[in-house]
Amino acid sequence: MNDEELLRYSRQIMLPEIDIEGQERLRAATALVIGLGGLGSPVAMYLGAAGVGRLLLVDFDHVDTSNLQRQIAHAEADIGRPKVESARDRVRALNPLVAIETIAEALDDEALAAAVARADVVLDCTDNLTTRLAINAACVAAGRPLVTGAAIRMEGQAMVVDPRVPEAPCYRCLYRSAEEPAESCTQSGVLAPVVGIIGSLQAVEAIKVLTGAGEPLTGRLLLMDARTMEFHEVRVPKYAGCPVCGTQSG
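Described below are features of the structure shown in this document. (Residues numbered from 1 in each chain as written. Predicted model: local features only at pLDDT ≥ 70, side-chain atom pairs only at ≥ 80, totals over all residues. Heavy atoms only, no water.)

1. Examining the nonpolar core
Rules: Nonpolar cores are built from buried Ala, Val, Leu, Ile, Met, Phe, Trp, Tyr and Cys residues. Side-chain atoms within 4.5 Å join them into one set. A simple rule labels every residue: compare its accessible area, found with a 1.4 Å probe on the protein chains alone, to the largest value its type can have, and call it buried under 20%, exposed over 50%, or partly exposed in between. We count a stretch as a helix when DSSP gives it H or I for four or more residues in a row; a strand needs E for two or more, and each element gets its number in order from the N terminus. Contact criterion: two residues are considered in contact whenever any of their non-hydrogen atoms come within 4.5 Å of each other.
Residues Val 33, Leu 47, Val 52, Leu 55, Leu 57, Val 121 and Leu 123 are the most contacted members of the largest nonpolar core, which totals 42 residues. The dominant element in this core, judged by the number of residues it contributes, is helix α9 (residues 192-211), at eight residues. Beyond its immediate stretch of four places on either side in the chain, Val 33 contacts Gly 40, Val 43, Leu 47, Leu 56, Leu 57, Val 58, Leu 123 and Cys 125. Of all hydrophobic cores here, the second largest spans 26 residues; its members include Leu 32, Leu 112, Met 159 and Val 236.

See below:
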């Protein structure tokens, strides 16, 4: 790292869990961020600011007025623009040292597998179960760690899936049925800072995965209730009959 980088990341490098070695790992890493809405906005901004060397930003959508309440990577002037473009510009304004590649389309199975294979960590910032399960399956198949998050109303959750750990569960282990739940933020709403909190937690977990600092939420589902500001942790067992990561059928 040059002097500019040492100064930029100095407060992070001071942490004994990170140090120069951890910062170099971030600099050499590629993070795939899928979804640039309420969760993906803080994820992309914090990973960029923290010095992750390359960000692959994926979103097929365009900025809408209803997004601005919570999707902080986008501004009034961005309405109508592809979200990947406004998010790219926001991250570049924070840290021009980060390489950013944008993919302004929904990824089919083949494209998703190719994108996941390029990443050192994948962050699922999408808003529907079908897509989350597809991302999970792609990460398990490629052996890539996944940081997944979700938020609705005043509630949120985060979890790390790490296929490199044989005994660790995947996201599909949580859902014996892959049916889409009836509720979404469009119907039920969401408090703006809740997605910011969960997205920030995802960024923290991704940095931990990339640097080896601390203990990631591997196999642990962190639940937040903003009404009471309580956090609960649920240990998720590996499901032997999981169709994605299980060791037996049925």
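2. So, unusual backbone geometry
One non-glycine residue, Asp 19, lies in positive phi territory at about 55°. Take Asp 19: its relative accessible area is 40%, and that puts it in the partly exposed class. Backbone geometry at Arg 153 places phi at a positive 50°, although glycine is not the residue there. Its place among the elements puts Arg 153 in the loop between β5 (146-152) and β6 (155-161).

3. Observations concerning the environment of Ala 137
Position of Ala 137 relative to the elements: it lies in helix α7 (residues 129-142). What makes Ala 137 partly exposed here is its relative accessible area of 30%. Remark: the alpha-carbon pair of Ala 137 and Val 244, spanning 107 residues in sequence, is separated by 6.1 Å.

4. Section: the pattern of salt bridges
Going by this rule: When a carboxyl oxygen of Asp or Glu is within 4 Å of a side-chain nitrogen of Lys or Arg, the pair counts as a salt bridge.
Counted according to the given criterion, the structure contains 17 salt bridges. In this structure, Arg 81 and Glu 85 form a salt bridge, with 3.7 Å as the shortest nitrogen-oxygen distance. One salt bridge in this structure joins Arg 220 and Glu 233, with 2.8 Å as the shortest N-O distance. Placement of the pair is Arg 220 in strand β7 (residues 220-225) and Glu 233 in strand β8 (residues 230-235), with a sequence separation of 13 residues.

5. Considerations on the side chain of Asp 78
Structurally, the position occupied by Asp 78 is in the loop between β2 (54-58) and α5 (83-94). The class for Asp 78 is buried, based on a relative accessible area of 11%. Apart from residues no more than four positions distant in its own chain, Asp 78 is found in contact with Val 63, Ala 73 and Ser 86.

6. Considering the sheet that holds β2
Convention followed: Two strands form a pair only when DSSP identifies at least two bridges running between them. Between the N-to-C directions of two axes lies an angle of 0 to 180 degrees, each axis being a line fitted to C-alpha atoms and, for a helix, fitted only over the stretch in contact.
The strand order across the open sheet formed by eight strands is β3-β2-β1-β4-β5-β6-β7-β8, and the pairing between neighbours is mixed. Where the open sheet ends on each side, the last strands, each with one partner, are β3 (99-103) and β8. Along the sheet, successive strands turn relative to each other by an average axial angle of 15°, direction set aside. As defined by bridge partners, β2 adjoins β3 across five bridges and the pair is classed as parallel. Paired with Leu 57 across the strands is Thr 102, a residue of β3.

7. Some remarks on the pairing of β6
Counting buried positions along β6 gives six out of seven residues, so the element sits mostly inside the fold. Sheet analysis places β5 next to β6, joined by seven bridges and oriented antiparallel. Across the sheet, Ala 151 pairs through a bridge with Gly 156, a residue of β6. Turn length for the β5-β6 hairpin, with the two strands adjacent in sequence and antiparallel, is two residues, and the turn residue Arg 153 shows positive phi of about 50°. Across four bridges, the pairing between β6 and β7 is antiparallel. Along β7, the bridge assignment pairs Gln 157 with Leu 223.

8. Some remarks on the state of the cysteines
Let me state the cut-off plainly: Put simply, a disulfide is two cysteine sulfurs that come within 2.5 Å.
For the structure shown, the criterion picks out zero disulfides. Cys 245 provides the cysteine sulfur closest to Cys 173, a residue in no disulfide bond, and the two sulfurs are 3.4 Å apart. Here Cys 173 falls in the buried class, since its relative accessible area comes to 6%.

Everything listed here is a matter of coordinates, which is why it stays silent on function.
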